[in-house]
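Remarks on the overall topology
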Amino acid sequence: MLAMASNIEIIEFKIPECKENNLYVTGIKGCYEEGELEMKFHEIFSKLGLLYDVQIKSSNFPVIVDNEEEPETGVKSYYAFIKYYSTTAANKARHTLTGKPLLGNNQPISIKVSTPKNPFGGREYNLPISKCRELANYYLGFNAYNISVTSITLDEIEPDEETAASTDKGVRCTCIATLQIPGYEIQTEGIGIGEASYSNSDRSTKGPAIGKARKVAYGRASENAFSKVVLVIVGNSKVMVEVNNTQADLLTFINDNEQQEIIQVNQLEVEEVEFEENCDGDIDDSELDAQLLLDLEQDV
């Protein structure tokens, strides 16, 4: 969600779905691959603000050259969707670049505001962790924040009655991550859950399943911690940071059915666990929780 008042703009760590942030570009003609155009447009439009996404699509309509259809020339017509995090940046791009021949072929482009189709049914979703870092780096600077793992636990998922006969079992990893932005004296926490299945008949598949579950849990926890942060941009230059304490953690359970639900997390009790190396080669759950915590702290 993004809001503007006077010269103040609010940017949250959410997938931008505001109409004013989305641009629809037409009048793109030439002999290009879609990937090539995507890089060109990303380079051009990113000079006016941080981009969330650039999509290039080829049109099915023939290109008209000198009032005649010439489908054999190899010239194609394209359109693009450009999505900014900032409404201010999107407006600047629309007013600055519309009518300009961006590709050096004397073909002026047209830019309009686009109404995106929300794939989430109107619900807001957190930015992926890679996008969170990108947004934070752009407005706060590199190394302006750090993420640490506060707690991580691992549980076995018992099969229900319908899948009791299956040879697959599951693991669920729960992670609490703390985000700190020292320069603004900001600290938030997020919780994340990751699930993965493994073959009960092949114990070697349990380790990779645990690795997958913990990475997903850590990513979701970090995303939820970022989701509580609000960037306040004043006059296109000054950046302030606030915390939205009403933001609920979005817990995404990653399993074979890609189930999703939103849960309000109020408080979690964290118990310290000691780790002693197990030389047997078997996985001991009480020791594994602490080892996962150590591994993830090294990752960040």
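Scroll up to find the structure this text is about.
In short, a report on the structure.

Rules of the game
- Residues numbered from 1 in each chain as written.
- Predicted model: local features only at pLDDT ≥ 70, side-chain atom pairs only at ≥ 80, totals over all residues.
- Heavy atoms only, no water.
- Core = buried A, V, L, I, M, F, W, Y, C linked by side-chain atoms within 4.5 Å.
- Buried < 20%, exposed > 50% of the residue type's maximum accessible area, 1.4 Å probe, protein only.
- Helix = DSSP H or I, 4+ residues; strand = E, 2+ residues; numbered from the N terminus.
- Contact = heavy atoms within 4.5 Å.
- Phe/Tyr/Trp six-rings, centres within 6.5 Å; stacked < 30°, edge-to-face > 60°.
- Lys NZ or Arg CZ within 6 Å of the ring centre and 35° of its normal.
- Pairing = 2+ DSSP bridges.
- Axes fitted to C-alpha atoms, helices over the stretch in contact; angles between N-to-C directions.
- Arc of directions from axis to C-beta.
- Polar contact = N/O pair within 3.5 Å; in protein donor to acceptor, adjacent residues only side chain to side chain.

1. Remarks on the nonpolar core
Within the largest apolar cluster, 42 residues are counted, with the highest numbers of intra-cluster contacts made by Phe13, Leu127, Leu135, Leu140, Val171, Phe226 and Leu231. Counting residues per element, the ones that place at least two in this core are α3 (129-140), β9 (146-157), β10 (168-181), β11 (186-199), α4 (206-227), β12 (229-234) and β13 (238-243). A total of 8 residues in this core trace back to one element, the largest contributor, which is α4. Residues in contact with Phe13, not counting those within four places in the same chain, are Asn126, Leu127, Cys132, Leu135, Ala136, Phe226, Ser227, Val229 and Leu231. Phe41, Leu51, Ile56 and Tyr78 belong to the second largest nonpolar core, which has 24 residues in total.

2. Some words on the packing of aromatic side chains
As enumerated under the stated definition, the model contains 8 aromatic pairs in all. When the ring of Tyr145 is compared with that of Phe226, the centres are 5.6 Å apart and the planes differ by 75 degrees; the resulting orientation is edge-to-face. In this pair, Tyr145 sits in the loop between α3 and β9 while Phe226 sits in helix α4, placing the two residues 81 residues apart along the sequence. An identical accessibility class is assigned to Tyr145 and Phe226; each is buried. Between the NZ or CZ atom of Lys131 and the centre of the ring of Tyr52, over which it lies, the distance is 5.1 Å.

3. Some words on the sheet that holds β10
In spatial order, the strands read β9-β10-β11; together these 3 strands make up an open sheet with antiparallel pairing. Each having just a single partner strand, β9 and β11 make up the two edges of the open sheet. Across the sheet, the mean angle from the axis of one strand to that of its neighbour is 15 degrees, orientation sign disregarded. As defined by bridge partners, β10 adjoins β11 across 14 bridges and the pair is classed as antiparallel. Counterpart to Arg172 in the pairing with β11 is Glu195. Packed onto the sheet, α4 meets β9, β10 and β11 and runs at close to 155 degrees relative to β11.

4. Brief notes about helix α2 (residues 87-97)
Structural remark: α-helix, 3.6 residues per turn; residues separated by three or four positions point the same way. Turning to α2, its buried residues number three or more, namely Thr87, Ala89, Ala90, Ala93 and Leu97. Viewed along the axis of α2, the buried residues span an arc of 165 degrees, placing them on a single side of the element. Put simply, Ser86 is the residue that caps the front of α2, since its side-chain oxygen is 3.2 Å from the backbone nitrogen of Thr88. Just past α2, the residue Gly99 takes up positive phi, approximately 85 degrees.

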